[in-house]
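Chain residues, written in single-letter form:
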Amino acid sequence: MNQNDADAFYNRNYSNLVAKSQCRMNSSYLHDLRLFKATFNPGDEADVIAKAVSASLPKGRLRILDVGIGEARSTFRAVEWLNSEGYSIQLTGLDLHISERTRMLAPPDTEFRELAFHLLPPTEVFDVVIATQSLYYLGNWEQSLKKLLLHTKPKGCLLVTIWTDNCTLCRLYNQFRDGHGNRLITAENVSQAAHCMDAAASVQLVHTPGTLNIKAWRDDARISAAAFRILTRSNDDAITNLAAYGPFCQHLTSLQDEELRENGTVVILRGANTGPP
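Counting of residues starts from 1 at the beginning of each chain's written sequence and follows it residue by residue. With pLDDT at 70 or above as the cut-off, local features in this predicted model cover only qualifying residues; side-chain atom pairs require 80 or more to be listed or tallied, and sums for whole chains, interfaces and linings still use all residues. Hydrogens and water are ignored here; the side-chain numbers use all heavy atoms of the structure.

Caption draft 1: Geometry of the overall build of the protein. In terms of helices and strands, the protein carries 11 helices and 8 strands. The buried label goes to any residue with under 20% of its type's maximum accessible area, the exposed label to any with over 50%, and the partly exposed label to all in between, with areas taken from a 1.4 Å probe on protein chains only. Out of the 277 residues in the protein, the part that is buried amounts to 49%. Whether two residues are in contact is decided by their heavy atoms, any of which lying within 4.5 Å being enough. Within the protein, contacts between residues at least 6 apart in sequence are counted, and of these 79% link residues at least 24 apart. Surface exposure of the protein reaches about 13,100 Å², of which carbon and sulfur atoms provide 52%. Secondary structure elements are defined from DSSP: runs of H or I of at least 4 residues count as helices, runs of E of at least 2 residues count as strands, and each element is numbered from the N terminus. The protein chains shown are the only cover counted for residues, whose accessible areas, like all others here, come from Shrake-Rupley with a 1.4 Å probe.

Here it is in structure tokens:
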């Protein structure tokens, strides 16, 4: 398959995924997602972003792209800190839908684009590119990682955050996912792939451990059902495997009241950029 065929295949798959994702982003799904996320005590990804940028890029004006910006909590905190330290950040937030709340909370000099990632022109490059928990939803993850690198300047910084191999949520997804789904990619997979895709880059995997309140799942049927529906939606089909719900609830009784909810941020410094000049 030549590059044009590969690009066309990626774009078709991504377009199909976008259509299915839009169907999922209804009020019922968002309600489930809020219940699900309320049981997290996450690690501090904002600190990872801020430290990576300040350690690798000189103070001054920086363009930052957040792909799949969502609620943007980590990115907004990191941008506010960087601005306070002498940087001047121009933030671009990209997503299929951007809420009014996200728009209201954005720091100064932020623009939003409601645009599918594969439609972002390849000529647009940024000093920093961030993808927090969005690589799962961008289509073929390896092609998506290549495109993220394409939008990162040769001396820029790419930060990709997803669950690690050790994350309880990752293990639950892989155990109870719908039969149509693939095993979930992890930060370890991304780190290994990044080494191969950009041999000149410095690649570091930073773990940000947090906790997951499994007791809340066991004590409240609404939460356990919401968690089950979120976790069993595969990447390529919206079918929920209802037959697995009983075994899922039974499995929860074997877990600790608090389990590990761990993200890994793959910090990719292009051109082996090891510090501000």
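Caption draft 2: The environment of alanine 216, seen in detail. Looking at the element boundaries, alanine 216 is found in helix H9 (residues 214–219). By relative accessible area, which is 18% here, alanine 216 ends up buried. For the pair formed by alanine 216 and phenylalanine 36, sequence separation is 180 residues and the distance between their alpha carbons is 10.0 Å. In this structure alanine 216 touches Thr39 and Ile223, once residues within four positions along its chain are discounted.

Caption draft 3: Structural context of the nonpolar core. The term nonpolar core refers to a set of buried residues drawn from Ala, Val, Leu, Ile, Met, Phe, Trp, Tyr and Cys, joined through side-chain atoms within 4.5 Å. In this structure, Phe36, Leu148, Leu169, Trp217 and Leu231 are the most contacted members of the largest nonpolar core, which totals 53 residues. Considering each element in turn, this core owes the most residues, 6 residues, to helix H10 (residues 221–231). Sequence-distant contacts of phenylalanine 36, defined by excluding residues within four places in its chain, comprise Leu169, Trp217, Ala227, Ile230 and Leu231. Grouped together as the second largest cluster of nonpolar side chains are 26 residues, Ile69, Ala72, Ala106 and Val128 included.

Caption draft 4: Region of interest: the environment of serine 224. Mapped onto the elements of the fold, serine 224 is located in helix H10. Not counting residues within four places of it along the chain, the set of residues in contact with serine 224 comprises Trp217, Tyr245, Phe248 and Leu252.

Caption draft 5: Spatial organisation of the packing of aromatic side chains. Only Phe, Tyr and Trp rings take part, Trp by its six-membered ring, and two of them pair if their centres are within 6.5 Å. Stacked means planes under 30 degrees apart, edge-to-face means over 60, and tilted covers everything else. In total, this model carries 9 aromatic pairs according to the counting rule given. Their ring planes at 55° and their centres at 5.9 Å tell us that tyrosine 136 and tryptophan 163 sit as a pair that is tilted. A residue pair is termed long-range when its members are at least 10 positions apart, and tyrosine 136 in the loop between strand E5 (126–132) and helix H6 (141–150) and tryptophan 163 in strand E6 (residues 152–163) qualify at 27 residues. Ring centres of tyrosine 245 and phenylalanine 248 lie 6.5 Å apart, and the angle between their planes is 20°; on these two criteria the pair is classed as stacked. Of the two residues, tyrosine 245 and phenylalanine 248 are both situated in helix H11 (residues 245–252); the distance of 3 residues between them amounts to about one turn of the helix. Residue classification places tyrosine 245 among the partly exposed positions, given a relative accessible area of 26%.

Caption draft 6: Structural context of unusual backbone geometry. One non-glycine residue, alanine 72, adopts positive backbone phi at about 65°. Position of alanine 72 among the secondary structure elements: in the loop between strand E2 (61–67) and helix H4 (73–84). Of note, glutamine 133 is a non-glycine position whose phi angle comes to about 55°, a positive value. For glutamine 133, a relative accessible area of 19% puts it in the buried group.

Caption draft 7: View of the pattern of salt bridges. Think of a salt bridge as a Lys or Arg side-chain nitrogen and an Asp or Glu carboxyl oxygen that are within 4 Å of each other. What the rule picks out here adds up to 15 salt bridges. Note that arginine 270 and aspartate 198 form a salt bridge whose closest N and O atoms lie 2.8 Å from each other. Of this pair, arginine 270 sits in the segment after strand E8 (258–269) while aspartate 198 is found in the loop between helix H8 (187–197) and strand E7 (202–213), placing the two residues 72 residues apart along the sequence.

Caption draft 8: Region of the structure containing the packing of H6 against H8. Between H6 and H8, the shortest axis-to-axis distance is 11 Å and the interhelical angle comes to 55°. With respect to each other, H6 and H8 are oriented oblique. Our pair here, H6 against H8, has a crossing hand that is right-handed. Touching Trp141, Glu142, Leu145, Lys146 and Leu149 of H6 are Asn189, Val190, Ala193, Ala194 and Met197, all from H8. Each residue receives one of three labels: charged for Asp, Glu, Lys and Arg, nonpolar for Ala, Val, Leu, Ile, Met, Phe, Trp, Tyr, Cys and Pro, and polar for the others, Gly being one of them. Class assignment of the residues belonging to the contact of H6 with H8 gives a composition of 7 nonpolar, 1 polar and 2 charged. Interaxial angle, 0 to 180 degrees, is taken between N-to-C directions of lines fitted to C-alpha atoms, where a helix line uses only the stretch in contact. Throughout, the term roughly parallel applies to angles under 35 degrees, roughly antiparallel to angles over 145, roughly perpendicular to angles from 65 to 115, and oblique to all others. Crossing handedness: left-handed means the near helix sits turned counterclockwise from the far one by under a right angle, and right-handed means the same turn made clockwise.

On their own, these measurements won't tell you what the molecule is for.
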